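Here are the chains, one letter per residue:
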Protein chains: 2
Amino acid sequence: MSVTAPRGFLASGVAAGIRPSGKPDVALVRSVAPAVGCAMWTRNRVQAAPVVVSRRHLETAQPQAVVVNAGVANAATGRPGEEDALATAARTAQLLGLRPEEVVVLSTGVIGPRLPMERLLAGVDAAAAALSRDGGAIAAEAILTTDQGPKTAVAAADGFTVAGMAKGAGMIHPCLATMLAVVTTDYPLAAGEADSFLRPAVERSFNRISVDGDCSTNDAVVLLANGMSGITDRDPGLDERFSRRLEEVCADLARQIVADGEGATVVLEIVVSSASSHEEAEAIALRVATSPLVKTAAFGRDPNWGRVLAAAGSAPSNGGFARLDPDRLRVAFDGTPVFARGAPTGQVPELAGASCRIELDLGLGDGEAAYLASDLSYDYVRLNAEYTT
Amino acid sequence: MSVTAPRGFLASGVAAGIRPSGKPDVALVRSVAPAVGCAMWTRNRVQAAPVVVSRRHLETAQPQAVVVNAGVANAATGRPGEEDALATAARTAQLLGLRPEEVVVLSTGVIGPRLPMERLLAGVDAAAAALSRDGGAIAAEAILTTDQGPKTAVAAADGFTVAGMAKGAGMIHPCLATMLAVVTTDYPLAAGEADSFLRPAVERSFNRISVDGDCSTNDAVVLLANGMSGITDRDPGLDERFSRRLEEVCADLARQIVADGEGATVVLEIVVSSASSHEEAEAIALRVATSPLVKTAAFGRDPNWGRVLAAAGSAPSNGGFARLDPDRLRVAFDGTPVFARGAPTGQVPELAGASCRIELDLGLGDGEAAYLASDLSYDYVRLNAEYTT
């Protein structure tokens, strides 16, 4: 169901022939009632044309529909690329009876080439005709690139529903949204309010994952809220529960993205506590989460805490490295202490399963942070060396 | 010849049984005349015992000998590890008629385990007995771990000689020295002067390379200068020529380290020009040099400039990203322009050989920086997933 789980959302996915595989590659999501919404975008200095165009749209209008294509990222395409993104929004708007500014355009795929506009616009026509209450699943298929499978999440409680779909796989890194995700809800939000709910949820989910430390030019998280749950008596308690569901959906999608990271065989959960500050906890968790040596060891199921120490000890912070005192540091793998009081404990944890929790207790202050990361495998190299993505 | 090329240096390498392979694993370098010298160390917050001990030694004495073991890093070993490093220095000093503070101890290998002291001290005995003018080559063998082969460099001019040996392979990243290197010269330097020559040479060589972005706990560059060239009439011009030779030797060793990076098949030369500032040029060059997507593309000989753009656009700088305007940016692979004025040029460079030069001209200011990096291959994953290093 994904994005069509909340009341009043239609979706579709069609194969427009943009992906060479012939798989679905154009997705459309549409609220049937006037919606409010917002988006968070990649902070990369190189912003894809659909990001440039959609940001501009959201400055003047509330989003009512999202059109996504996979296969070509429409990034680094200059002014002609922007015109292609505008034309995509215009056609979508015309078909759905909207203004172009009410359409968010997203693209994912290869950087550089122009969009095959004839095929894409024919795909938009077909997607508009195919919009349905059952379209959530096929829409979630149509936004994928090198992903192994679709990523969807639904949370329902207290009379409202939050749902989402995402694509990830490569160039996944918390430089902001860092992949595509469309989240829908029938919870009633006022115009301008969506951002204050989406931002903290994204901070604690999509911005805490890393597959390869690379930050894409196209990343986006879009939230549409149409109020069709019928809820009219909002209060801070209900808002809080909505926030929690929203974060739940975002965190669920984020974890699926890591688990399906290019070539991933294990999800690493890096948990840093008692750092000198939150900023330094962040820097250390990120450093460990992006260390190729930690990630290849994880692929080999080697509880190599030496590499964890080396990474943690060189986490950039304020022009130097984050504070770390080996004599106070405690490191554990899946709950088994491996390093404490400046020396190895001698215990050797058994790593098997599809996840591994690496805890670092710095013993310095109250800074905390956590990251999810995938391992670094042969398949990561194969996927990225053999194909242009 | 390596470190024994300059006048008045002896070296040796012996197999002490620390490396399971049975290869040489203890190296000794000794100046026959009173030398002056200095070292630059890893900035990692987790510092190996030999680093802690040797730093302390150099605070009170000029280094006359360097003893190196491979196989065990003596890192994260706490107080007992420091005692092992001290015992190694003490035995070396006793055999060579030196004070322990005049001995620099270096270790490289697995993090965590204690040194096998009985075997190591027997190795030191054998290495001291084997010291010779021909020992440079075997010493360069005895400091290796996963390296494919020894790395040595010699530069001679104006009546003096500079030479060095290095080991690299993994955990190579410019957080300071980031590997082991011992550089010798018969140029006459006064006590306290060595540092002002070594520091700029290291900044422009060892601190400009990255194999995997990981920064080791043991990295060190040591310089010994014994003045045995017989040069007595130094002047600024000659000092300048010595500086150049020193930098040449460091750069030669640094390039060999990258070319022999774990699993490396190509040396990437990332050259950034016209950035807003030198700091931002640095950040961009480093970001591109450490991008797994750029490095896997290089392994696949794919001139994937889209990934270069995505990496360059997300180079951390001052809490945000370094300035980059796609409309001013020009990117070239091996001299072939691939991106200019906000759009692809359409040209497709042919990547073959064992090196690839990626140039980014930002068109913003006068910031410049260059990095050497290796690619990311199956063998990198194999080496680091299958073995504990």
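Residues numbered from 1 in each chain as written. Chains lettered and ligands numbered in written order. Predicted model: local features only at pLDDT ≥ 70, side-chain atom pairs only at ≥ 80, totals over all residues.

**Student:** What should I look at first to understand the overall build of chain A in this one?
**Tutor:** Each helix and strand in chain A was counted, giving 10 helices and 18 strands. Taken over the C-alpha trace, chain A has a radius of gyration of 21 Å; the compact-globule value for 389 residues is 21 Å, and the two agree within 12%. By its C-alpha atoms, chain A is 65 × 55 × 40 Å across when sized along the principal axes. In chain A, which comprises 389 residues, the proportion classed as buried is 63%. (Helix = DSSP H or I, 4+ residues; strand = E, 2+ residues; numbered from the N terminus. Rg over C-alpha atoms; globule rule 2.2 N^0.38 Å. Buried ≥ 20, exposed ≤ 12 C-beta atoms within 10 Å, placed from the backbone.)

**Student:** Which parts of the structure should I look at to understand the interface of chain B and chain A?
**Tutor:** Quite often, the size of an interface is put as the accessible area lost when its parts meet. Listed as interface residues are 50 residues of chain B and, on the opposing side, 51 residues of chain A. Looking at the side of chain B that touches chain A, the elements that each hand over two or more residues are α8 (292-299), α9 (305-312), β16 (343-344) and α10 (378-386) of chain B. (Contact = placed C-beta atoms within 7 Å.)

**Student:** Would you explain the sheet that holds strand β2 (residues 26-31) of chain B in this entry?
**Tutor:** Across a sheet, strands are paired by hydrogen bonds formed along the backbone, either parallel or antiparallel in direction. Residues and elements named next belong to chain B. Ordered in space as β1-β2-β4-β5, the four strands form an open sheet in which the pairing is mixed. The sheet terminates laterally at β1 (9-14) and β5 (103-110), the two strands that pair on one side only. Averaged over all adjacent pairs, the angle separating strand axes in this sheet is 10°, with direction ignored. Of the pairings in the sheet, the one linking β1 to β2 comprises six bridges and is antiparallel in character. By the bridge assignment for β2, S12 is matched with L28. Helix-sheet contacts for helix α2 (residues 78-96) involve β2, β4 (65-72) and β5, and the interaxial angle to β5 is about 135°. (Pairing = 2+ DSSP bridges. Axes fitted to C-alpha atoms, helices over the stretch in contact; angles between N-to-C directions.)

**Student:** Would you take a moment to explain α2(B) for this structure?
**Tutor:** The α-helix winds at 3.6 residues per turn, so residues separated by three or four positions along the chain end up facing the same way. Residue and element names in this part refer to chain B. Taking 1.5 Å as the rise per residue, α2 with 19 residues should run 27 Å; its terminal C-alpha atoms sit 28 Å apart, in good agreement. Among all positions of α2, only G81, D84, A85, T88, A89, R91, T92 and L95 are buried. Projection of α2 onto a plane perpendicular to its axis shows the buried side chains occupying an angular sector of 160°, all on one side. Buried residues along α2 sit against α1 (49-60), β4, β5 and α3 (117-130). (Expected span 1.5 Å × (residues − 1). Arc of directions from axis to C-beta.)

**Student:** How do you make sense of the domain arrangement of chain A when you look at a structure like this?
**Tutor:** Residue and element names in this part refer to chain A. The domain boundaries assigned to chain A delineate domain 1 (2-258) and domain 2 (267-386). Computed over C-alpha atoms only, the centres of domain 1 and domain 2 are separated by 32 Å. In terms of residues, the side of domain 1 that touches domain 2 owes the most to one element, helix α6 (residues 236-259), which gives three residues. The residue inventory of the side of domain 1 that touches domain 2, partitioned by class, reads four nonpolar, four polar and two charged. (Domains from an automatic or database assignment. Nonpolar A, V, L, I, M, F, W, Y, C, P; charged D, E, K, R; others polar.)

**Student:** In this structure, what is going on with the relation of the copies chain B and chain A? I would like to understand it.
**Tutor:** Note: a rotation about an axis with an accompanying shift along it relates these two copies of the chain. With an axial shift of 0.0 Å and an RMSD of 0.0 Å, the rotation relating chain B to chain A amounts to 180°. Each copy turns onto its partner about a two-fold axis. Among all residues of chain B, the one whose C-alpha sits closest to the rotation axis is Y378(B), at a distance of 2.8 Å. Here 100% of the interface residues in chain B have copies in chain A that are interface residues too; the copies meet face to matching face. (Least-squares fit on C-alpha atoms with pLDDT ≥ 70 in both.)

**Student:** Would you mind showing me how to read the packing of helix α10 (residues 378-386) of chain A against α8(B) here?
**Tutor:** Angle between the axes and distance between the axes: these two values describe a pair of packed helices. At a minimum axis separation of 7 Å, α10(A) and α8(B) run at an interaxial angle of 70°. Overall, the two elements α10(A) and α8(B) adopt an arrangement that is roughly perpendicular. Two secondary-structure elements touch here, α10(A) through V381(A), N384(A) and A385(A) and α8(B) through L293(B), T296(B), A297(B) and F299(B). (Parallel < 35°, antiparallel > 145°, perpendicular 65-115°, else oblique.)

**Student:** I'm lost on the environment of S273(B) in this one. Help?
**Tutor:** Residues and elements named next belong to chain B. One can find S273 in strand β11 (residues 267-275). For the pair formed by S273 and L144, sequence separation is 129 residues and the distance between their alpha carbons is 35 Å. Among residues more than four places away in sequence, those in contact with S273 are D361 and E368.

**Student:** Looking at this structure, how should I read the sheet that holds strand β4 (residues 65-72) of chain A?
**Tutor:** Residues and elements named next belong to chain A. Strand order in the open sheet formed by four strands is β1-β2-β4-β5, with mixed pairing between adjacent strands. Looking along the sheet, the strands with just one partner apiece sit at the ends: β1 (9-14) and β5 (103-110). For this sheet, the mean inter-axis angle between neighbouring strands, taken without regard to orientation, is 10°. Judged from the five bridges that link them, strand β2 (residues 26-31) and β4 form a sheet pairing that is antiparallel.

**Student:** Explain the pairing of strand β17 (residues 355-361) of chain A here, please?
**Tutor:** Each regular strand carries side chains that alternate between the two faces of the sheet. Residue and element names in this part refer to chain A. Across seven bridges, the pairing between strand β11 (residues 267-275) and β17 is parallel. Residue pairing for β17: V271 is matched across the bridge by E359. Two strands pair when backbone bridges link them, and strand β14 (residues 330-333) and β17 are joined in this way by four bridges, in the antiparallel orientation. Each bridged residue has a counterpart across the sheet, and for R330 the counterpart in β17 is D361.

**Student:** Would you mind going over the confidence of the model for chain A with me for this structure?
**Tutor:** One rule of thumb: low pLDDT means the predicted coordinates there are not for detailed reading. Residues and elements named next belong to chain A. Per-residue confidence for chain A gives a mean pLDDT of 89; residues scoring 70 or more make up 95%. Of all helices and strands in chain A, the one with the weakest mean pLDDT is strand β9 (residues 209-210) (72), whereas helix α3 (residues 117-130) scores best (98). On the interface metric, ipTM, the complex scores 0.71, and its pTM is 0.77. (pLDDT = per-residue confidence, 0-100.)

**Student:** Help me out: how do you make sense of the nonpolar core in this one?
**Tutor:** For soluble globular proteins, nonpolar side chains are generally found buried alongside one another. In terms of nonpolar packing, the biggest core is built from 272 residues, with I284(A) and I284(B) touching the most fellow members. Apart from residues no more than four positions distant in its own chain, I284(A) is found in contact with V272(A), A275(A), A312(A), A315(A), A322(A) and L360(A). (Core = buried A, V, L, I, M, F, W, Y, C linked by C-beta atoms within 7 Å.)

**Student:** Even after reading the chapter, I still don't get the environment of R133(A), so can you show me in this structure?
**Tutor:** Residue and element names in this part refer to chain A. Topologically, R133 is positioned in the loop between α3 and α4 (136-142). Given 14 C-beta atoms within a 10 Å radius, R133 is considered partly exposed. For the pair R133 and N74, spaced 59 residues apart in sequence, the C-alpha to C-alpha distance is 29 Å. Here R133 is in contact with T4 and L10, once residues within four sequence places are set aside.

**Student:** Explanation requested: the packing of helix α2 (residues 78-96) of chain A against α3(A) in the structure shown.
**Tutor:** Residues and elements named next belong to chain A. Relative orientation of the contacting elements α2 and α3 amounts to 25°, with a least axis distance of 10 Å. When the axis of α2 is compared with that of α3, the two are roughly parallel. As for how α2 packs across α3, the hand of that crossing is right-handed. On α3, the residues that touch D84, A87, T88, R91, T92, L95 and L96 of α2 are M117, L120, L121, V124, D125 and A128. (Left-handed = near helix turned anticlockwise from the far one by under 90°.)

**Student:** It is not clear to me how the environment of P349(A) should be interpreted in this structure. Could you clarify?
**Tutor:** Relative to the helices and strands, P349(A) is located in the loop between β16 (343-344) and β17. Spatially, the C-alpha atom of P349(A) lies 5.9 Å from that of T336(A), the residues being 13 residues apart in sequence.

**Student:** Where do I start with unusual backbone geometry in this structure?
**Tutor:** One non-glycine residue, R301(A), lies in the positive phi region at around 55°. Even without a glycine there, the phi angle at R341(B) is positive, about 50°. Among the structural elements, R341(B) can be located in the loop between β15 (336-340) and β16. A residue is classified by how many C-beta atoms lie within 10 Å of it, and R341(B), with 13 of them, is partly exposed.

**Student:** Any chance you could explain the pairing of strand β8 (residues 180-185) of chain B here in plain terms?
**Tutor:** Residues and elements named next belong to chain B. The buried fraction of β8 is high, at six of six residues. Note: strand β7 (residues 160-167) against β8, six bridges, orientation antiparallel. For G164, the partnering residue across the bridge sits in β8 and is V183. Sheet topology note: the β8/strand β10 (residues 220-225) ladder contains six bridges and is parallel. Within β10, the residue paired with T184 across the bridge is L224.

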